[in-house]
Amino acid sequence: MQAPLVGQTLRKMVTLVVATTADVASINPAKALLAMPGWNSGPGLDCGIRSFKNGDHLRLLEQDTSIIAEDDLDMRWEAATGETVTELIFLSRHAAVSTRPALTVHPIGVPHLKDGDVLPQGGKPGWAAPPNPRIGPWLMLLKKIAESYNLVPEFEITLEATHHGPVTTKPTMFIEIGSTEEYWGREDAARVVALFGKDLVLDASVNNKILLGIGGGHYVPRHMDVITKNGTWVGHLLSGYSLPMEEPQDSNKKTDPDHVGGAWKDAIKIAFQATAASFPGGKILAHLDHKSFKGWQKNAIVNFLTSEGILIGKPADFC
């Protein structure tokens, strides 16, 4: 490695944890994290965003607006401070029709949307942030800490599929408390998120295989099974709603990717490229939720992955 030039200052590499006062499930874990030793006030950012620093590598941003609407925080922080952002961790609430209490972790992006499409929860069309490499290890850690606080089995500990914004360019993850107002303000859940959020040690030697999830529902249960069993690294997780496919009228062309319309091919390519950016040199394997697809859909996806040189993995391949 080349030594720094005389007089050259090395840029600090920092993690940004982002919270908002507009969301109790966001600000409560942030307060619990700030109550731990070592925090001091940091520089302010535009739009009234406040910051706090802990040592050389941990920063917490506190804002008063919606998290998913605050784009480019990584680049804005770098421009304001001269520090290099290595990752972003957003604290947020989770809402679900089921109303089941849950602690969730997920990557972000809307790779299936096109210019002119409605953006229901931020981001930008055809974009996915690099998934934070901590997602897999921290899912396992989150479960252990939640169990130690007796939140399990009341709370489900789960992944979610890739969805929503804000726009970032660095590895990103959301950690959420759900799923209704009754649980968003739970102090014990906030402490669990803060405890596992302060552990920034990442053992990159555990498993060099990365799961790129293709298909399934929002909580990606079949991908979850592989990840929790094998300690697999987690890339993007594309649920069925992120893979819009238009069935060709000609039955002989149903499995030909060139004749199956919809944004599904772009979504897969964007998700794969973003995952590769987070895991340079890692072995990315696409894991299909076969039962979530019709036969022609599954065959078209397999043919497309093969044509793109994207490896396909069965559950046993992640061991």
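Residues numbered from 1 in each chain as written. Predicted model: local features only at pLDDT ≥ 70, side-chain atom pairs only at ≥ 80, totals over all residues. Heavy atoms only, no water.

**Q** Outline the overall build of the protein, supporting the account with residue identities and numerical values.
**A** Each helix and strand counted, the protein has eight helices and 13 strands in total. Referenced to the eigenvectors of the C-alpha coordinate spread, the extents of the protein come out at roughly 65 × 55 × 40 Å. The buried share of the protein, reckoned over its 319 residues, is 51%. Accessible surface computed for the protein: about 14400 Å², of which carbon and sulfur atoms make up 53%. Positive and negative charge centroids in the protein, built from 30 and 35 side chains respectively, lie 5 Å apart. (Helix = DSSP H or I, 4+ residues; strand = E, 2+ residues; numbered from the N terminus. Buried < 20%, exposed > 50% of the residue type's maximum accessible area, 1.4 Å probe, protein only. Areas by Shrake-Rupley, 256 points an atom, 1.4 Å probe, with all protein chains shown as cover. Lys, Arg positive; Asp, Glu negative; His and termini not counted. Charge placed at Lys NZ, Arg CZ, Asp CG, Glu CD.)

**Q** Could you give me a rundown of the confidence of the model for the protein, with the residues and numbers involved?
**A** In low-pLDDT segments, the atomic positions of the prediction should not be examined closely. Overall, the prediction assigns the protein a mean pLDDT of 92, with 94% of residues at 70 or greater. Predicted confidence for residues 1-8 stays below pLDDT 50, and this span has one contact to residues more than four positions away or in other chains. (pLDDT = per-residue confidence, 0-100. Contact = heavy atoms within 4.5 Å.)

**Q** So what about the packing of aromatic side chains? Which residues, and what values?
**A** In total, this model carries four aromatic pairs according to the counting rule given. Both rings, one in W233 and one in F279, keep their centres 6.0 Å apart while their planes meet at 65 degrees; by these two values the pair is edge-to-face. Pair noted here: W233 is in strand 12 (residues 233-238) and F279 is in the loop between helix 7 (264-278) and strand 13 (283-288), with a separation of 46 residues, a long-range link. A single burial state applies to W233 and to F279, both of which are buried. Considering the side-chain rings of W264 and F304, the 5.4 Å spacing of their centres and the 65 degrees angle between planes classify their relative orientation as edge-to-face. A residue pair is termed long-range when its members are at least 10 positions apart, and W264 in helix 7 and F304 in helix 8 (residues 295-308) qualify at 40 residues. Summarising the burial analysis for this pair, W264 and F304 share the class buried. (Phe/Tyr/Trp six-rings, centres within 6.5 Å; stacked < 30°, edge-to-face > 60°.)

**Q** Give a description of the sheet that holds strand 12 that names residues and reports values.
**A** A sheet is described by the order of its strands in space; here three strands give the open sequence 12-11-13, paired in parallel fashion. What marks the edges here is a single partner per strand, and that holds for strand 12 and strand 13. The average undirected angle you get between the axes of adjacent strands in this sheet is 20 degrees. Bridge analysis of strand 11 (residues 209-214) against strand 13 gives six bridges, and the strand direction is parallel. Residue I210 lies in a different strand from strand 13, and its bridge partner there is I284. (Pairing = 2+ DSSP bridges. Axes fitted to C-alpha atoms, helices over the stretch in contact; angles between N-to-C directions.)

**Q** Describe in detail helix 8, supporting the description with residues and values.
**A** With 14 residues, helix 8 extends 20 Å between its outermost C-alpha atoms, agreeing within 8% with the 20 Å of an ideal straight helix rising 1.5 Å per residue. Every buried residue of helix 8 is listed here: W296, Q297, A300, I301, F304 and L305. Viewed end-on, helix 8 has its buried residues packed into an arc of 165 degrees, placing them on one side of the element. Here the buried face of helix 8 lies against strand 11, helix 7 and strand 13. Once helix 8 ends, the next one or two residues include G309, with phi positive near 75 degrees. (Expected span 1.5 Å × (residues − 1). Arc of directions from axis to C-beta.)

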